[in-house]
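Examination of the molecular architecture
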Amino acid sequence: MRRLVQTLKACADANRIRILKMLQQKEMCVCEVAEALGVTQPSVSRHLRILGEADLVLQRREGVWMYYRLNPDPPTVYAQALLADIGSWLEDDPEIQALLKKASGLDRDILCGRPPERRPRTSPL
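Note that this is a predicted model, so its numbers are computed, not measured.

1. A word on the overall build of the protein chain
Per the secondary structure count, the protein chain includes seven helices and three strands. When its helices and strands are written in sequence order, the protein chain yields α-α-β-α-α-β-β-α-α-α. Structurally, the protein chain occupies a C-alpha span of about 50 × 30 × 30 Å along its principal axes. Considering the protein chain as a whole, with its 125 residues, one finds that 39% of them fall into the buried category. A fraction of 64% describes how many contacts in the protein chain between residues 6 or more apart in sequence connect residues 24 or more apart. Surface accessibility of the protein chain: about 7500 Å² in total, with carbon and sulfur atoms responsible for 54%. Where the 19 positive side-chain charges of the protein chain centre and where its 16 negative ones centre are 5 Å apart.

Pasting the structure below:
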């Protein structure tokens, strides 16, 4: 029962639901999530920690930056069910639509203050 309660508590916050919806679209760093939500980075980090403890998100480190994504293979049936369903939830919500549009236009390198020489190279098409 503890894992079910943990999963439900993780989703009992509007900003955590917003974060899950954004992570549906792409992997994001704390800087991007904070900018999209208009909240502080420590607040975002706390939300991401709670989502991670509920097995809903995974993190990876790249240098000093941490990147977060939805967990593609959560170990509990509760997290599996929630992540399977959240994809279709709130799709027609104007607030979520605006948030996703804002998040898609953010430039991670500028937000995080990554110097040009440390930015990933993109190959010309």
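On we go from here.
2. Thoughts on the state of the cysteines
Under the criterion given, the structure shown has zero disulfides. In this model Cys31 remains outside any disulfide bridge; the closest cysteine sulfur is found in Cys112, 3.2 Å from its own. In this structure Cys112 is a free cysteine whose sulfur lies 3.2 Å from that of Cys29, the closest cysteine sulfur available. Taking relative accessible area as the criterion, Cys112 reaches 14% and is therefore assigned buried.

3. Quick look at the sheet that holds strand β1 (residues 28-29)
Strand order in the open sheet made by the three strands is β1-β3-β2, with antiparallel pairing throughout. Edge positions in the open sheet fall to β1 and β2 (57-62), since each of these has one partner strand only. Examined bridge by bridge, β2 and strand β3 (residues 65-70) share six bridges and lie antiparallel to one another. Paired with Arg61 across the strands is Met66, a residue of β3.

4. Some points on helix α6 (residues 94-104)
Listed in full, the buried residues belonging to α6 are Ile96, Leu99, Leu100 and Ala103. Here the buried residues of α6 occupy an arc of 95° about the axis, which is enough to place them on one side. Seen from the open side of α6, the exposed residues pointing more than 90 degrees away from its buried face are Pro94 and Lys101. Two to three positions downstream of the cap, the backbone nitrogen of Glu95 sits 3.0 Å from a side-chain oxygen, assigning the N-cap of α6 to Asp93.

5. What about the side chain of Thr7?
Tracing the sequence through the fold places Thr7 in helix α1 (residues 2-10). A relative accessible area of 4% means that Thr7 is categorised as buried. Contact partners of Thr7, with chain neighbours within four places excluded, come to Ala54, Leu56, Tyr78 and Ala79.

Quick notes on the rules
- Residues numbered from 1 in each chain as written.
- Predicted model: local features only at pLDDT ≥ 70, side-chain atom pairs only at ≥ 80, totals over all residues.
- Heavy atoms only, no water.
- Helix = DSSP H or I, 4+ residues; strand = E, 2+ residues; numbered from the N terminus.
- Buried < 20%, exposed > 50% of the residue type's maximum accessible area, 1.4 Å probe, protein only.
- Contact = heavy atoms within 4.5 Å.
- Areas by Shrake-Rupley, 256 points an atom, 1.4 Å probe, with all protein chains shown as cover.
- Lys, Arg positive; Asp, Glu negative; His and termini not counted.
- Charge placed at Lys NZ, Arg CZ, Asp CG, Glu CD.
- Disulfide = S-S within 2.5 Å.
- Pairing = 2+ DSSP bridges.
- Arc of directions from axis to C-beta.
- Polar contact = N/O pair within 3.5 Å; in protein donor to acceptor, adjacent residues only side chain to side chain.

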